[in-house]
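A closer look at the structure
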Amino acid sequence: PQTDWSFQYSPESFTGTEPDFAVEVIDAVTAIWKPWEGQRVIINLPATVEMSMPNVFADLVETICDQIRHREHVEISLHTHNDRGCAVAAAEMGVLAGADRVEGTLMGNGERTGNMDIITMAMNLYSQGIDPQLDLSDISEIIAVTESCTEIATHPRHPYAGELVFTAFSGSHQDAIRKCLTRRQAGSPWEVAYLPIDPSDLGRRYEELVRINSQSGKGGVAFVLEQTLGARLPRWLQIELSQVVQQEAEKSGGEINSSQLHELFRSRFMEAPEPWHLRSYDIQRSDTRVNAFVSLASGDNYTGEGHGVIEALIASLEAQHQCAIRVEHYDEFAVDGGTDAKALCCVRLTVNGVAFSAVAQAEDTTSAAIQAVLNATARSLARVSDTPEASEALA
């Protein structure tokens, strides 16, 4: 007596049944169950086999809603299959046609091509500002449990749940995503190109948004590096780095993960021979000039004069190595924040007309700037050293 019973009837071959006959059968069922006396009754309309376009199924649903008796006491449910690949679309249109609820399965598992995927349906509603009242905030856990129970792998491009659904390979897509995320303010409405919802609402991380391959542009490469490095690279360096990454991706024929990207960035722009590492520096300032003394790990010293530290150092490098050095680009950034912030310096020099870019990170801006210039100069001198003897002498 204390059990709360509800009854559900499904006309098994609803989509292949004449609508008038379906109405007749449903009315015969409700006449026995008498939902108008308070008994909860569900009439479940299945696309047992998906035979038509979603709009035709919705027309059938609308016919049932309009013609059955005691509609106000009956809950109309939908149970769509995916034989035509339109199970979610049919369910959405069926709801618009008057249905009260839908039935579905996780990842769309079911007979033949499967049932309607409840995750896709729910997240489609969510993307339009409608709360599906399902907790999908940890989609990775849902996927793991489902795969364990069914022994069926989730397709990497499965809507919302697949590994690649929040991933951009195209350079233009990557750049658009990066720009939108950079400009977005916390708490503002979600308006990010190519991403219908915020991946974090499903427990995903922004680091997974961009994958790097030979099609990737500067925006995608810069985005991945920014998320882990903590500083935005200048545009000129983004372009140069993306070319390096594309060449490496073409050579390997696959993707470049974040660890490989960091290693490429370090070896191509931040690495310098040990003798060229900065040991100490001393700066003496007058009203208009700066005298700089720079000591390297090799024991070599550079002393120069200029309007600033960089100009003074370059003057000394030019004199000792008999070359012409010009600063093409110079950018400084703070990495991280607060009292523990470090300085990142990016420079592009032309040495005897040939461009060399370098990056250095240090505890203070002056050390970072000096080391960046040293790194670029060391690379330029290594470039012109054509013989083993010259390379050994440079080291």
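Refer to the structure presented above.
Residues numbered from 1 in each chain as written. Predicted model: local features only at pLDDT ≥ 70, side-chain atom pairs only at ≥ 80, totals over all residues. Heavy atoms only, no water.

As enumerated under the stated definition, the model contains 4 aromatic pairs in all. Seen in terms of ring centroids, F14 and F57 are 6.4 Å apart; in terms of plane orientation they differ by 85°. Their pairing is edge-to-face. Placement of F14 in the loop between β1 (7-9) and α1 (19-33) and of F57 in helix α2 (residues 54-67) is noted, with a sequence separation of 43 residues between them. Comparing F14 with F57, the two get one shared label, buried. Look at F265 and F269: their rings are 5.8 Å apart centre to centre, the planes differ by 40°, and that puts the pair in the tilted class. Of this pair, F265 and F269 both sit in helix α9 (residues 258-270), 4 residues apart, which is roughly one turn of the helix. No difference in accessibility class separates F265 from F269, as the two residues are buried. (Phe/Tyr/Trp six-rings, centres within 6.5 Å; stacked < 30°, edge-to-face > 60°. Helix = DSSP H or I, 4+ residues; strand = E, 2+ residues; numbered from the N terminus. Buried < 20%, exposed > 50% of the residue type's maximum accessible area, 1.4 Å probe, protein only.)

To continue, consider the pattern of salt bridges. Inspection of every chain in the model, using the stated rule, returns 10 salt bridges. For the salt bridge of R71 with D100, the shortest nitrogen-to-oxygen distance reads 3.2 Å. Taken together, the positions of R71 in the loop between α2 and β3 (74-80) and D100 in the loop between α3 (87-96) and β4 (101-103) put the pair 29 residues apart, joining distant regions of the chain. We classify D100 as partly exposed; its relative accessible area is 42%. Put simply, R326 and E328 hold a salt bridge, and the shortest N to O gap is 3.8 Å. Linked by salt bridges that have partners in common, E263, R266 and E271 make up one network. (Salt bridge = Lys/Arg side-chain N within 4 Å of Asp/Glu carboxyl O.)

Attention shifts here to the nonpolar core. Counting residues in each nonpolar core, the largest one holds 31 residues, and the members touching the most others are W276, Y302, L313, L317, I325 and V373. Secondary structure elements with two or more residues in this core: β6 (290-296), α10 (309-321), β9 (342-351), β10 (354-362) and α11 (365-384). Considering every element that reaches this core, the biggest residue donor is α11, with 9 residues. With 25 residues, the next largest nonpolar core counts M107, F166, L181 and V192 among its residues. (Core = buried A, V, L, I, M, F, W, Y, C linked by side-chain atoms within 4.5 Å.)

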